[in-house]
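Notes for the structure review
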Number of protein chains: 2
Amino acid sequence: MSSSDSLDALIQALRRLPGVGLKSAQRMAFHLLQRDREGARVLSRALHEAAGSVQHCARCHTFTEAGVCHTCLDPKRDATRLCVVETPADQSALERTGAFKGLYFVLMGRLSPLDGVGPKEIGLQKLMERATNGAVQEVILATNFNAEGEATAHVISEALKSRGLHVTRLARGVPVGSELEYVDLGTIAHALADRR
Amino acid sequence: MSSSDSLDALIQALRRLPGVGLKSAQRMAFHLLQRDREGARVLSRALHEAAGSVQHCARCHTFTEAGVCHTCLDPKRDATRLCVVETPADQSALERTGAFKGLYFVLMGRLSPLDGVGPKEIGLQKLMERATNGAVQEVILATNFNAEGEATAHVISEALKSRGLHVTRLARGVPVGSELEYVDLGTIAHALADRR
């Protein structure tokens, strides 16, 4: 499209980012080359660095540069509770609440048979080994509350319960700060069923 | 936020892209590291390559790796007509119509005093020299039809007319395929005034 091969190559490469189409990629390339060349160099180095050094934690499967991440190595964490999340971003959201002091297992995805993501891809076997290591007393399922997240939680829950583990799920209910009038009916029904 | 410094660095670097906030950057970093490491390496190389080699065409100011872009060097182009556009993406849109065989001048922006973009930043002096080189008979202003684009067109138009050049502007009117009922009133008013 342009009069520069390396500009075209850059636009094509930017399109590999999720949610970025041709127009966004053009806008990004234009911005970097016209106004932020230093940003382009910084991003280039960061990508090279991360693609080369980031691997999965041997215990919880999250991204880390070391063999085991520092959350798993932290002796102050409560090893009797294991929280199962879909992505490192979900883990980060839970961490920021400050309400959980246990350990994590990061599935790095969710069950999605149509996309070819089965129990093997989300590391179900590894999770089983981790949960049955003797230290874990409770597994908290914190997958998302959409169809795929619920299905994933169901499959994991069945597998863990068959080994006699205590499995819980994050509570469904009315979000903090909301008014009942504007909350969807499914959520209210769940909040009613799970009242305490 | 995460348990990996190079992942954090990558997320921060991705946030320098226009339109990318923290959540999008996390999603992009996660996607690249979990599903498309090759994409991360390709993008890293493309950024490094483009940031190092892409420069501005000495004649039309667009992005190119050579000193002069191949549109400017093409002897089949009509050198008597010069089309002024804001960005290479706009130039590409005009090229794809196949309706223009002249040459271009790319402003690489538009006048926007609040952002510190003045006549110098859009290369007005260079455009003046280019338009008064003796070959150019008509300058077609194809800046955008928003407030800043119109202001830019006005300033350029006044400067060129004072040197006795023939200046035209892309026609304003009803878009092809649209129904009058749904076209905004300003556009219909312009289409009426510019009827032919």
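Each value, and the rule that gives it
Residues numbered from 1 in each chain as written. Chains lettered and ligands numbered in written order. Predicted model: local features only at pLDDT ≥ 70, side-chain atom pairs only at ≥ 80, totals over all residues. Heavy atoms only, no water. UniProt positions renumbered as here; feature names shortened; annotations may be inferred. Least-squares fit on C-alpha atoms with pLDDT ≥ 70 in both. Contact = heavy atoms within 4.5 Å. Salt bridge = Lys/Arg side-chain N within 4 Å of Asp/Glu carboxyl O. Helix = DSSP H or I, 4+ residues; strand = E, 2+ residues; numbered from the N terminus. Buried < 20%, exposed > 50% of the residue type's maximum accessible area, 1.4 Å probe, protein only. Expected span 1.5 Å × (residues − 1). Buried area = accessible area lost by both parts, 1.4 Å probe. Polar contact = N/O pair within 3.5 Å; in protein donor to acceptor, adjacent residues only side chain to side chain.

Under an unreviewed UniProt entry, chain A has the name Recombination protein RecR and belongs to Verminephrobacter aporrectodeae subsp. tuberculatae. Word for word, the UniProt comment on chain A under Sequence similarities (unreviewed entry) is "Belongs to the RecR family." Word for word, the UniProt comment on chain A under Function (unreviewed entry) is "May play a role in DNA repair. It seems to be involved in an RecBC-independent recombinational process of DNA repair. It may act with RecF and RecO."

**Points about the relation of the copies chain B and chain A**
Screw-axis analysis of chain B against chain A gives a translation of 0.0 Å along the axis, an RMSD of 0.1 Å, and a rotation angle of 180°. Between the two chains, the operation in question is that of a two-fold axis. For chain B, the smallest separation between a C-alpha atom and the rotation axis is recorded for Ser 44 of chain B, amounting to 2.1 Å. Interface overlap between copies is the fraction of interface residues in one copy that are interface residues in the other; for chain B against chain A it reaches 100%, indicating a shared surface.

**Notes on the pattern of salt bridges**
This model, assessed by the stated rule, comprises 18 salt bridges over all chains. The partner of Asp 36 of chain B in a salt bridge is Arg 16 of chain A, and the shortest N-O contact between them spans 3.1 Å. Of this pair, Asp 36 of chain B sits in the loop between helix H2 (22-35) and helix H3 (37-53) while Arg 16 of chain A sits in the loop between helix H1 (5-14) and helix H2 (22-35), placing the two residues on different chains. Between Glu 150 of chain A and Arg 169 of chain A there is a salt bridge; the shortest N-O distance is 3.3 Å. Of this pair, Glu 150 of chain A sits in helix H7 (residues 147-161) while Arg 169 of chain A is found in strand S6 (residues 166-169), placing the two residues 19 residues apart along the sequence. With a relative accessible area of 24%, Glu 150 of chain A lands in the partly exposed category. Via salt bridges that share partners, Asp 78, Arg 81 and Glu 138 of chain A belong to a single interconnected network.

**Looking at the UniProt feature "domain: Toprim" (unreviewed entry) in chain A**
What UniProt calls "domain: Toprim" (unreviewed entry) maps, in this numbering, to residues 80-175 of chain A. Each end of residues 80-175 of chain A is marked by a C-alpha atom, and these two atoms are 28 Å apart; helix forms 34% of the span and strand 20%.

**A closer look at H2 of chain B**
It helps to recall that an α-helix has 3.6 residues per turn; residues three or four apart then point in one direction. Helix length check: H2 of chain B, at 14 residues, gives a terminal C-alpha distance of 19 Å against a target of 20 Å (1.5 Å per residue), a fit within 8%. Among the residues making up H2 of chain B, those that are buried are Ala 25, Gln 26, Met 28, Ala 29, Phe 30, Leu 32 and Leu 33 of chain B.

**Comments concerning the interface of chain B and chain A**
Listed by partner, the interface residues are 56 residues for chain B and 56 residues for chain A. Summing both sides of the interface, chain B and chain A together bury roughly 4,900 Å²; the carbon and sulfur share of this comes to 64%. In this assembly, chain B and chain A are joined by two salt bridges. At the boundary of chain B with chain A, the tally comes to 17 residue pairs in polar contact (both at pLDDT 80 or more). Breaking the side of chain B that touches chain A down by element, the ones donating at least two residues are helix H1 (5-14), H2, H3, strand S1 (55-56), strand S2 (63-64) and helix H5 (88-97) of chain B. At 15 residues, the largest contribution of residues to the side of chain B that touches chain A is made by H3 of chain B.

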